Number of protein chains: 4
Amino acid sequence: MTRSLGVAVVGFGWMGHAHTRAYLRARHHYPNLPIAAHLVTVADPEPGRADAAAEQYGFAGSTTDWRELLTDPRVEAVSVTAPNFLHREIGAAVAESGRHLWIEKPVGLTGDDAHAVAAAATEAGVRSTVGFNYRAAPAVAEARALIANGAIGRVTNARFRFFSDYAAHPEGALSWRFTRSHGGSGVLGDLASHAVDLARHLLGDIESLVADTVTVIPERPTVTGAASHFSRADGPPGPVENEDHLNALLRFTGGARAVLEASRVAVGEQNTYGFEIHGTTGALAWDFRRMGELSVSTGADYQSQSYRTVFAGPGNGDFGAFQPGAGIAMSYDDTKVIEAAGFLRSVAEGTPYGPTLDDAVAAAVVLDAMLDSVRTGAWVSL
Amino acid sequence: MTRSLGVAVVGFGWMGHAHTRAYLRARHHYPNLPIAAHLVTVADPEPGRADAAAEQYGFAGSTTDWRELLTDPRVEAVSVTAPNFLHREIGAAVAESGRHLWIEKPVGLTGDDAHAVAAAATEAGVRSTVGFNYRAAPAVAEARALIANGAIGRVTNARFRFFSDYAAHPEGALSWRFTRSHGGSGVLGDLASHAVDLARHLLGDIESLVADTVTVIPERPTVTGAASHFSRADGPPGPVENEDHLNALLRFTGGARAVLEASRVAVGEQNTYGFEIHGTTGALAWDFRRMGELSVSTGADYQSQSYRTVFAGPGNGDFGAFQPGAGIAMSYDDTKVIEAAGFLRSVAEGTPYGPTLDDAVAAAVVLDAMLDSVRTGAWVSL
Amino acid sequence: MTRSLGVAVVGFGWMGHAHTRAYLRARHHYPNLPIAAHLVTVADPEPGRADAAAEQYGFAGSTTDWRELLTDPRVEAVSVTAPNFLHREIGAAVAESGRHLWIEKPVGLTGDDAHAVAAAATEAGVRSTVGFNYRAAPAVAEARALIANGAIGRVTNARFRFFSDYAAHPEGALSWRFTRSHGGSGVLGDLASHAVDLARHLLGDIESLVADTVTVIPERPTVTGAASHFSRADGPPGPVENEDHLNALLRFTGGARAVLEASRVAVGEQNTYGFEIHGTTGALAWDFRRMGELSVSTGADYQSQSYRTVFAGPGNGDFGAFQPGAGIAMSYDDTKVIEAAGFLRSVAEGTPYGPTLDDAVAAAVVLDAMLDSVRTGAWVSL
Amino acid sequence: MTRSLGVAVVGFGWMGHAHTRAYLRARHHYPNLPIAAHLVTVADPEPGRADAAAEQYGFAGSTTDWRELLTDPRVEAVSVTAPNFLHREIGAAVAESGRHLWIEKPVGLTGDDAHAVAAAATEAGVRSTVGFNYRAAPAVAEARALIANGAIGRVTNARFRFFSDYAAHPEGALSWRFTRSHGGSGVLGDLASHAVDLARHLLGDIESLVADTVTVIPERPTVTGAASHFSRADGPPGPVENEDHLNALLRFTGGARAVLEASRVAVGEQNTYGFEIHGTTGALAWDFRRMGELSVSTGADYQSQSYRTVFAGPGNGDFGAFQPGAGIAMSYDDTKVIEAAGFLRSVAEGTPYGPTLDDAVAAAVVLDAMLDSVRTGAWVSL
Ligand SMILES: NC(=O)C1=CN([C@@H]2O[C@H](COP(=O)(O)OP(=O)(O)OC[C@H]3O[C@@H](n4cnc5c(N)ncnc54)[C@H](O)[C@@H]3O)[C@@H](O)[C@H]2O)C=CC1
Ligand SMILES: NC(=O)C1=CN([C@@H]2O[C@H](COP(=O)(O)OP(=O)(O)OC[C@H]3O[C@@H](n4cnc5c(N)ncnc54)[C@H](O)[C@@H]3O)[C@@H](O)[C@H]2O)C=CC1
Ligand SMILES: NC(=O)C1=CN([C@@H]2O[C@H](COP(=O)(O)OP(=O)(O)OC[C@H]3O[C@@H](n4cnc5c(N)ncnc54)[C@H](O)[C@@H]3O)[C@@H](O)[C@H]2O)C=CC1
Ligand SMILES: NC(=O)C1=CN([C@@H]2O[C@H](COP(=O)(O)OP(=O)(O)OC[C@H]3O[C@@H](n4cnc5c(N)ncnc54)[C@H](O)[C@@H]3O)[C@@H](O)[C@H]2O)C=CC1
């Protein structure tokens, strides 16, 4: 028998929608999931937004105050999809109340924030899943499997890049994203967190690093009232307080080296999120823009060894839960369905599936070390 | 207020799942849809399959005999996702019973079959939608809009290709797909029907054509019992009765010329479905394997005019109903959600949205003409 | 000891330069060639052009009248790089005079023209090489070797495309290229001749075909005086007499099927010359724009078998005569050096190397059949 | 009137051939060059090699001792294409003898070496050209022009990568390349020197950097006797003394940031030499493997601005000296012809054309700084 789990969603922007849909779709793709989510309530302070969400998706209730969830006995698990600066407060409170937690990355503004939420979850003995969903892409899962199987030998060097153009327009409004108190470390928490998680997921722990950051657009027009992600503004200019662009060199405990780049102002790049990994006998490359393709060079040639383009298919990660044949497109949202299924399974079985708060802490510690490195101009050991 | 529409699904293989999920997801992406589907019943003769479907997706009931739907007053609309040779019988009966019809391509084995279903629907005054879902890809919608706006000038020539490897293995079982009575015209109905629909959708009516077909693997091992799409077998060899591969030249009433190719035995090709279209001032190209990308050459250069790679985004077709920014992956299933939304809207408003039975008839007539051309060795006018 | 061969070049446009450079460079890449060319004389009626050529490249003499070569005892071999309509007259005269012949494609305007030149060469017992230089690209040589070795199984279907934009501008002058008397069959002789030669070279003889042609820009501005390839004009419009675009279906004697397309008015395409070839166990694809890359799918998978991108290197065709490692770029001109080396070797050894007049005749016969097919609207057997 | 310049070539391996061919071909592509090279002599200690070179290319003489050139009055200019560890001695001696110098990168093993050669050339008042030939690729020239014209705005960040697999085989012989005394800084001098030169050429001076290096294959089999670039060996293992792989972060005086990577052991990579450059309004990318293609994103969109693939053509750098239309392939060797023409022109006109010894010094100083950074673990200012 399938058990039912009451869930709530806090914060109903892009990710609020994505988590909700993923809860609803989990059983479409994982018919044997031991737990099915039912939508209890949704919280968002923006007038009307929670109500509309309830109407659209069928939550039993809605509220503007997320604290109400903490006392609602029907709510057994909570998705935290509010802005970063609220992750710590909400995340810790949810965990302390004994509820399981599916929380978006980067889990706060600093390693300290992530640590606080993780400690609360451990203390309360609840399950946690963190929104590092690029792991879930079947081609990424296949990359990890190939590395683990030794298909490319010992990993020697790698490159991780997360480039976006979402803040590339100089007239983009000076929203909360560009302040340190609310937007944290800018592109580090926003995009580099994913890159660091993929780096750890694929290559293991990072030993030391050196980083360089730059604020490419140092001033932006201020805005009166609320500003969405892509709003333009024309108020007097105010200072951008956090990072637009990051370059870093990494060393892994296993000996591999890497470069890692992240940008939120990269004109020409829409979701250029990916990696290239070289080993002693082969190489792998992936780009989210072609999510289902993995470039693979394996063999015993060492020299003049070609790459082949493999279209993910049944047998690669969770692909088979979505499509019957290689090369049939999966979506970004599907990676969230995989994540939801992992979360539900982790609640059912009491063991983690997929990225957890420990991973969030580990990634946040790396990001903190990058800021340290920028401050000191030196390599930082982890 | 949103009206509720009782739906049934007949045939619960790949497409049965896809239609069901699409009904359930339509409101996730189209919150203002005037009609929401609720799942009444599902029919499939395969033991246990309909029951499992009901359990997984929440149909109120299930049956092994699709005829029961015809007398169930809760069923107002039916998805016909059974094999091709049943489309005519089931499709016509559904329409005659006054139920709206979402039916998979190719709508039977011949133009005659498609015509019979279309006539029944017209007679009964019911809405119809046909599963030509490649139209729904935002990049394809954008291609159509660009052509309509004159962005590439007058269309002069084009290429349509639908290549798959699903029947490429010579030990693939001699299933019903390879008989003329049950599999019809082989790759023509299966894949070329999509290509012809895209050709018509983008370039208008076809005036005449010449075609060449070949059965690349003339014998396959027979099989005892049911054989799924990809089963292997080792019985004594039996004859393949229909087409593995098609080449054709087309002339359009608007003056454009094209080549059209389809194969089910193309080793190396997983869903190589796409087109290239040239006009007097520009060109477009699309490949389903990179569903969200459209190659576009426009301008006033005529010579040395480059192509750019455009990632579909909000503003291209229905992209905005799925993702907030260009380059974020949509899935094959999302195209079925778009199709479902069109079907539901067409029922609500009494006007067609997207591909209808008229399109199915038009495509089937073209496929018939191709077979005629092969038989006669001559150009055939439509 | 290396023997020296006196050569002349007739017609000093693009190809005149290319042949001359190739003669000079042959020993740079083939130090063991038994024959070295020395430049005796060059003929071109355009005032000053032959003189300038002699000055630039070191021909001993120059002339405006190609007939002078026929009586110059120093001239033992002749490159015919004049316009198509002169190929027959010059080519036959050169051969009849007992001189070896390196002649550009298409060798006249018709199969009859090509045949006349070929007959003269046979009669005189001279060697001939024809400018089908795409054969010489190492990736093409590798493709041929792979097919011959059975690496893709039995060839089942193919596609050949030669698309250019050189005549895409509607204000391009109505030069001799667009008249039937001087430009022959337009895009057929100009580009489709290469495509047909590659088709034959890779897949063997063509058995039958059906073709469709169109003149996309039916009128162009007339011009007074000489007009080069890319001149614009603004005289009163006059009729284009020959073909801008070709589509054809082919059947090969070996059983394979193909589509073949050629265009001189394809906006967006600069030298989109290439092929895709499918066999029962694999596939190959090549595009001249990435001359050194061959896409290869081989193996025993039949389904979900990937393509790999192979960069041509030593071991593929004549690559090793040019560069020491895979992936180092060769040029268009290098293919002419390979052709020159073959021509010189054929003279030295008395046996053909590379494409000969027999190939030119075979290709021209196919082009004639295409025009027949357009005229009759029927398949034509060869 | 064209003046003739007597040239000698010292070191007749790959680059000896390349320089020689380039001298011979310069006038094929630059008919108006005021100087034509004639081949006086060639020096190489390898038995028979210089003689064979003279025989193949027509040098008037040959020798095993490069010092003989210094007293040969016919020799006015010298190509130094011997191994790196000889660059300083030969280069300085050639300059001191008053001969012009075309010398291969990296011009010695250290900045000190490069500086010594440059000082000698300045002192003697001779012209110098250095083999940074990737600058000469027309697509690179176009990239530089676009940046200079402000087509991508102010440059903000970039990536330079030079990856090769030439030393990827663990059984590759422990040749001189892997010793510090003869092979210098390994991949730094060999490949990163090109990357640094392109970085400077495109983005201007480097202000500071931090670097990380690794010797991926720490031991290789020793070899008795001479070992060519790609020889395998099976002697007892000996230590590799220099760098296989480099990662670095760069800051430019103009404010831009970059990552730079170089490897000689990158399995899967054949000449993966290229860059990506982002500016405030656009971006550019180039990869030597597709030498004639430049990816360009320009416009006023900032967000969702696409890249287009531009095939280099007449008007881009020196393309027009080689081919008549965009997209027709040029070769690696053609970049050396461009370099030769620049060298000859610089001798004729007494002003530099293309990369000079000043550039070699500048690049070598950056490489030294990288080694410093590795040693100190800190950022190094230049
Ligand atoms: N895993 C991934 O790929 C992605 C993760 N994210 C993460 O998801 C989180 C949310 O991002 P988006 O959905 O893009 O932001 P958004 O701005 O679209 O939505 C945030 C929502 O939170 C609501 N909110 C603000 N204060 C609240 C409060 N006190 N209580 C409840 N709700 C509150 C806002 O009204 C808004 O509806 C962020 O942490 C972000 O880093 C975002 C996009 C992609
Ligand atoms: N639009 C598109 O892209 C696609 C369209 N299709 C079309 O969808 C249709 C179904 O194809 P698939 O789902 O791939 O086939 P499938 O073989 O996976 O499923 C067919 C189902 O129909 C059931 N069935 C057989 N006889 C039946 C009957 N008398 N009553 C009810 N159900 C019956 C079978 O038991 C099976 O469950 C075909 O017409 C096909 O051409 C299929 C795949 C993609
Ligand atoms: N293999 C290949 O890839 C290519 C082959 N070709 C072929 O090469 C031939 C020449 O084409 P292009 O060089 O592009 O043409 P072009 O127009 O650049 O040069 C033709 C030259 O022939 C000269 N000419 C005209 N009448 C003459 C006469 N009576 N005697 C001597 N010279 C005469 C013209 O003055 C001109 O210099 C054509 O047959 C063409 O099909 C051309 C380009 C590429
Ligand atoms: N610009 C570019 O892209 C490239 C530059 N190079 C540079 O060119 C130089 C030569 O490299 P390769 O030609 O690849 O090497 P190679 O090993 O093929 O040739 C070097 C030649 O120098 C000769 N040599 C050794 N000692 C000599 C001496 N004392 N006097 C005269 N010759 C002597 C050797 O016998 C050999 O023939 C190196 O500095 C290398 O960095 C090499 C390849 C590409």
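Quantities reported herein were computed from a predicted structural model and do not represent experimental measurements.

**Q** Which residues make up the site of ligand 2, and what values do they have?
**A** Residues and elements named next belong to chain B. Around ligand 2, a shell composed of 26 residues is seen, among which D44, R49, N84, N133 and Y332 lie nearest. At 2.9 Å, a backbone N or O of G131 approaches a nitrogen atom of ligand 2. In the model, an oxygen atom of ligand 2 is placed 2.6 Å from a nitrogen or oxygen of the Y332 side chain. Here ligand 2 loses 84% of its free accessible area of 840 Å² to cover by the protein chains. Contributing elements (two or more residues each) for the shell around ligand 2: helix 1 (14-29), helix 3 (84-96) and helix 8 (332-349). Sort the elements by how many residues they give to the shell around ligand 2 and helix 3 lands first, with three residues. In terms of residue class, the shell around ligand 2 is built from 12 nonpolar, eight polar and six charged.

**Q** Break down the pattern of salt bridges for me, citing the residues and quoting the values.
**A** Within this structure, the stated rule accounts for 106 salt bridges over all chains. One salt bridge connects R264 of chain D with D244 of chain D, and the closest N-O pair in it is separated by 2.7 Å. With R264 of chain D in the loop between strand 12 (257-263) and strand 13 (272-279) and D244 of chain D in the loop between strand 10 (237-239) and strand 11 (245-252), this residue pair connects regions lying 20 residues apart in the sequence. D244 of chain D matches R264 of chain D in its accessibility class, with the two residues each being buried. Each of R135, D197, R200, D205 and D359 of chain A takes part in salt bridges that share partners, so that together they form one network.

**Q** So what about the site of ligand 4? Which residues, and what values?
**A** All names here are of chain D. In the vicinity of ligand 4, 26 residues are found, and the nearest of them are D44, R49, N84, N133 and Y332. Measuring from an oxygen atom of ligand 4, one finds a side-chain N or O atom of R49 at 2.5 Å. Between an oxygen atom of ligand 4 and a side-chain N or O atom of N84, the distance comes to 2.6 Å. Put simply, the parts of the chain that give the shell around ligand 4 at least two residues each are helix 1 (14-29), helix 3 (84-96) and helix 8 (332-349). Taken together, the residues that form the shell around ligand 4 break down as 12 nonpolar, eight polar and six charged.

**Q** Can you tell me about the interface of chain A and chain B, naming the residues and giving the values?
**A** In this assembly, 33 residues from chain A lie in contact with 32 residues from chain B. Across the chain A to chain B interface the summed buried area is about 2,900 Å²; carbon plus sulfur atoms make up 51%. Joining chain A to chain B, the criterion identifies two salt bridges. Across the pair E293 of chain A and R290 of chain B runs a salt bridge, and its minimum N-O distance is 2.8 Å. Taken together, chain A and chain B are joined by 18 residue pairs in polar contact (both at pLDDT 80 or more). Those elements giving two or more residues to the side of chain A that touches chain B turn out to be helix 1 (14-29), helix 2 (49-57) and helix 8 (332-349) of chain A. Residue contributions to the side of chain A that touches chain B peak at seven residues, all from helix 1 of chain A. Of the residues belonging to the side of chain A that touches chain B, the class tally is 16 nonpolar, eight polar and nine charged.

**Q** Help me get a handle on the relation of the copies chain D and chain A, residues and values and all.
**A** The operation relating the two chain copies consists of a rotation about an axis and a shift along that axis. Take chain D, turn it by 180 degrees, move it 0.0 Å along the axis, and it overlays chain A with an RMSD of 0.0 Å. This pairing of chains is accounted for by a two-fold axis. In terms of proximity to the rotation axis, the leading residue of chain D is A378 of chain D, whose C-alpha is 2.8 Å off the axis. Looking at chain D, 98% of its interface residues are interface residues in chain A too, so the copies touch through the same face.

**Q** Go over the side chain of Q56 of chain C with me, naming the residues and quoting the values.
**A** Assignment of secondary structure puts Q56 of chain C in helix 2 (residues 49-57). At 3.0 Å, the side chain of Q56 of chain C and the backbone oxygen of R27 of chain D are in polar contact. A polar contact of 2.8 Å, which involves the side chain of Q56 of chain C, links it to the backbone oxygen of H28 of chain D. If near-sequence neighbours (up to four positions away) are discounted, Q56 of chain C is found in contact with H17 of chain C together with R27, H28, H29 and P31 of chain D.

**Q** An account of the packing of helix 4 (residues 111-124) of chain C against helix 9 (residues 357-376) of chain C is needed here, citing residue identities and associated values.
**A** Residue and element names in this part refer to chain C. The contact between helix 4 and helix 9 brings their axes to 8 Å, and the two run at 165 degrees. One way to sum up the angle between helix 4 and helix 9 is to call them roughly antiparallel. Of the two possible hands of crossing, helix 4 and helix 9 adopt the one that is left-handed. In this structure, helix 4 uses G111, D112, A114, H115, V117, A118 and A121 to contact helix 9, whose residues at the interface are L357, A360, V361, A364, V365 and D368.

**Q** Summarise the environment of H38 of chain D; cite the residues concerned and give the values.
**A** Residues and elements named next belong to chain D. Summarising the element assignment, H38 is placed in strand 2 (residues 35-43). Between the C-alpha atom of H38 and that of G58, which follows or precedes it by 20 residues, the distance is 9.1 Å. Every residue in contact with H38, bar those within four places of it in the chain, is listed here: S4, L5, G6 and V7.

**Q** If you had to explain the sheet that holds strand 1 (residues 3-10) of chain D to someone new, which residues and values would you point to?
**A** Residues and elements named next belong to chain D. Taken in spatial order, the six strands make up an open sheet running 3-2-1-4-5-6, and their pairing is parallel. On the outer flanks of this sheet lie strand 3 (61-63) and strand 6 (128-130), each paired with one strand and no other. Each adjacent strand pair in this sheet contributes to an overall mean axis angle of 25 degrees, direction not counted. Running over the sheet, helix 1 touches strand 1, strand 2, strand 4 (77-80) and strand 5 (100-103) and is turned about 155 degrees from strand 2.

**Q** Describe the domain arrangement of chain A, and please don't skip the residues or the numbers.
**A** Residue and element names in this part refer to chain A. Assigned domains of chain A: these are domain 1 (3-133) and domain 2 (138-326). With 11 residues of domain 1 at the contact, the number on the domain 2 side is 14 residues. Where domain 1 abuts domain 2, roughly 1,100 Å² becomes buried across the two surfaces, and 60% of that area is made up of carbon and sulfur atoms. Where D190 meets K105, a salt bridge forms, and the shortest distance between an N and an O atom there is 3.6 Å. Residue composition of the side of domain 1 that touches domain 2, grouped by class: six nonpolar, three polar and two charged.

About the criteria used
Residues numbered from 1 in each chain as written. Chains lettered and ligands numbered in written order. Predicted model: local features only at pLDDT ≥ 70, side-chain atom pairs only at ≥ 80, totals over all residues. Heavy atoms only, no water. Near = heavy atom within 4 Å. Polar contact = N/O pair within 3.5 Å; in protein donor to acceptor, adjacent residues only side chain to side chain. Areas by Shrake-Rupley, 256 points an atom, 1.4 Å probe, with all protein chains shown as cover. Helix = DSSP H or I, 4+ residues; strand = E, 2+ residues; numbered from the N terminus. Nonpolar A, V, L, I, M, F, W, Y, C, P; charged D, E, K, R; others polar. Salt bridge = Lys/Arg side-chain N within 4 Å of Asp/Glu carboxyl O. Buried < 20%, exposed > 50% of the residue type's maximum accessible area, 1.4 Å probe, protein only. Contact = heavy atoms within 4.5 Å. Buried area = accessible area lost by both parts, 1.4 Å probe. Least-squares fit on C-alpha atoms with pLDDT ≥ 70 in both. Axes fitted to C-alpha atoms, helices over the stretch in contact; angles between N-to-C directions. Parallel < 35°, antiparallel > 145°, perpendicular 65-115°, else oblique. Left-handed = near helix turned anticlockwise from the far one by under 90°. Pairing = 2+ DSSP bridges. Domains from an automatic or database assignment.

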